[in-house]
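# Structural characterization, general
Residues per chain, in single letters:
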Amino acid sequence: MKKDLKTALILGFLIGVFFLPTIAFHISITIPISILIIVACVISTPILLIFFKFCGNYIKSLEQFGKFAAVGTLNSAIDIGVLNILMFLTGFNEGVFYAIFKSGSFFVSKINSYFWNKFWTFESTTKISFKEYLSFAFYTLVGAVINTSAASFVVNYVKYKINLGITDSLWGVLGAVAGILASFLWNFLSYRKIVFKT
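Residues numbered from 1 in each chain as written. Predicted model: local features only at pLDDT ≥ 70, side-chain atom pairs only at ≥ 80, totals over all residues. Heavy atoms only, no water.

### Regarding helix H1 (residues 2-26)
Put simply, the rule reads: The helix and strand labels rest on DSSP assignments: H or I over at least four residues marks a helix, E over at least two residues marks a strand, and numbering proceeds from the N terminus. One less than the residue count of a helix, multiplied by 1.5 Å, gives the span that helix is expected to have. Residue exposure (1.4 Å probe, protein chains only): buried if accessible area is under 20% of the type maximum, exposed if over 50%, otherwise partly exposed. Throughout, a residue-residue contact means that at least one pair of heavy atoms, one from each residue, lies within 4.5 Å.
Given a rise of 1.5 Å per residue, 25 residues ought to cover 36 Å, and the 37 Å separating the end C-alpha atoms of H1 matches this to within 8%. Listing the buried residues of H1 in full gives Asp-4, Thr-7, Ala-8, Leu-11, Gly-12, Ile-15, Gly-16, Leu-20 and Thr-22. Buried residues belonging to H1 abut helix H2 (31-56), helix H3 (61-90), helix H4 (95-121) and helix H6 (168-195).

Spelled out as structure tokens, the structure:
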């Protein structure tokens, strides 16, 4: 448990750091607020891990699910952070460029996902193999289709049907969140049952 708590502290720090570009892209934040965001992530991640570990005493897979959720939160922060950086640098936040940016940010987050999930979430003791990597890549590709389709649907369709009075770039973030939620369960089950077989 001690090792998991140290790992959760690192994850919390990385989550805070990668969420900062998203927040800063949409609102002006000061350095003290930035530090507060990182500290909140560092504190909350181990607390949530302890909660899921406790729940895991009753339903074994919940402890693993808690780790997956922590890694997934980091992946989401990377996904949305990279997406926001690309939108900010280019000024493109819809259409085909949005889909390209979203696909790229998704795959950057999945490279991160592979290593964290293999060695921490699912505690796989097997060596990295080409077969395992291909399996991960295949199920991640299906997850990417689910993720990018949901995100693009929100950005390129829903935003024109529902007037929330928000900016196009914030619609981009909402699209990214929809994509993450749509692919989350698929990724957990396919990685757990097929790729890392725990």
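### Comments concerning the nonpolar core
Just so we agree on the cut-off: Remark: nonpolar core denotes a set of buried residues (Ala, Val, Leu, Ile, Met, Phe, Trp, Tyr, Cys) joined through side-chain atoms within 4.5 Å.
Ranked by size, the top nonpolar core spans 11 residues in total: Ala-8, Leu-11, Ile-15, Cys-41, Leu-49, Ala-70, Val-71, Leu-74, Ile-78, Trp-116 and Trp-120. At the level of elements, H1, H2, H3 and H4 are the ones that each hand at least two residues to this core. The greatest single-element share of this core, amounting to 4 residues, is contributed by H3. Every residue in contact with Val-71, bar those within four places of it in the chain, is listed here: Leu-11, Ser-113, Trp-116, Asn-117, Trp-120 and Thr-121. Ranked by size, the runner-up nonpolar core spans 10 residues in total, among them Tyr-98, Phe-101, Val-173 and Ile-180.

### Quick notes on the pattern of salt bridges
As a working rule, side chains carrying opposite charge can pair if their charged atoms are close by. Applied cut-off: By salt bridge we mean one thing: a side-chain nitrogen of Lys or Arg within 4 Å of a carboxyl oxygen of Asp or Glu.
Applying the stated criterion across every chain, the model contains 7 salt bridges. As a salt-bridge pair, Lys-53 and Glu-63 come within 2.9 Å of each other at their nearest N and O atoms. Pair noted here: Lys-53 is in helix H2 and Glu-63 is in helix H3, with a separation of 10 residues, a long-range link. The exposure class of Glu-63 is buried, given its relative accessible area of 16%. Bridged by salt links that share partners, the residues Asp-4, Lys-67 and Glu-123 form one connected network.

### Some words on the side chain of Asn-187
Mapped onto the fold, Asn-187 is located in helix H6. Once you skip the residues sitting within four places of it in the chain, Asn-187 turns out to touch Phe-68, Lys-110, Tyr-139 and Gly-143.

### Points about a nonpolar patch on the surface
Test applied: Patch membership requires more than 30% relative accessible area and the absence of a salt bridge. Residues of like charge join within 9 Å; the nonpolar side chains Val, Leu, Ile, Met, Phe, Trp and Tyr join within 5 Å. Only the protein chains shown count as covering a residue, and every accessible area follows the Shrake-Rupley method with a 1.4 Å probe.
A surface patch of nonpolar side chains, amounting to about 490 Å² of accessible area, comprises Ile-31, Ile-35, Val-39, Ile-43 and Ile-47. Along the chain, the position of Ile-31 falls in helix H2. Judged by relative accessible area, which is 64%, Ile-31 ranks as exposed.

### Observations regarding the packing of aromatic side chains
Filter applied, for reference: Two rings belonging to Phe, Tyr or Trp (six-membered ring only in the last case) form a pair when the distance between their centres is within 6.5 Å. Interplanar angles under 30 degrees mark stacking, angles over 60 mark edge-to-face geometry, and anything in between is tilted.
Across all of its chains, the model carries 26 aromatic pairs by this definition. Ring geometry for Phe-54 and Tyr-58: centres 5.5 Å apart, planes at 70°, overall edge-to-face. The class for Phe-54 is partly exposed, based on a relative accessible area of 47%.

### Things to note about the environment of Thr-140
The criterion, for reference: Residues adjacent in sequence count toward polar contacts only when both atoms are side-chain atoms; beyond that, a polar contact is any pair of N or O atoms within 3.5 Å, and within protein one must be able to donate a hydrogen and the other to accept it.
Within the fold, Thr-140 resides in helix H5 (residues 130-161). By relative accessible area, which is 3% here, Thr-140 ends up buried. Residues Thr-140 and Ser-124, 16 residues apart in the sequence, show an inter-C-alpha distance of 18 Å. At 2.8 Å, the side chain of Thr-140 forms a polar contact with the side chain of Tyr-191.

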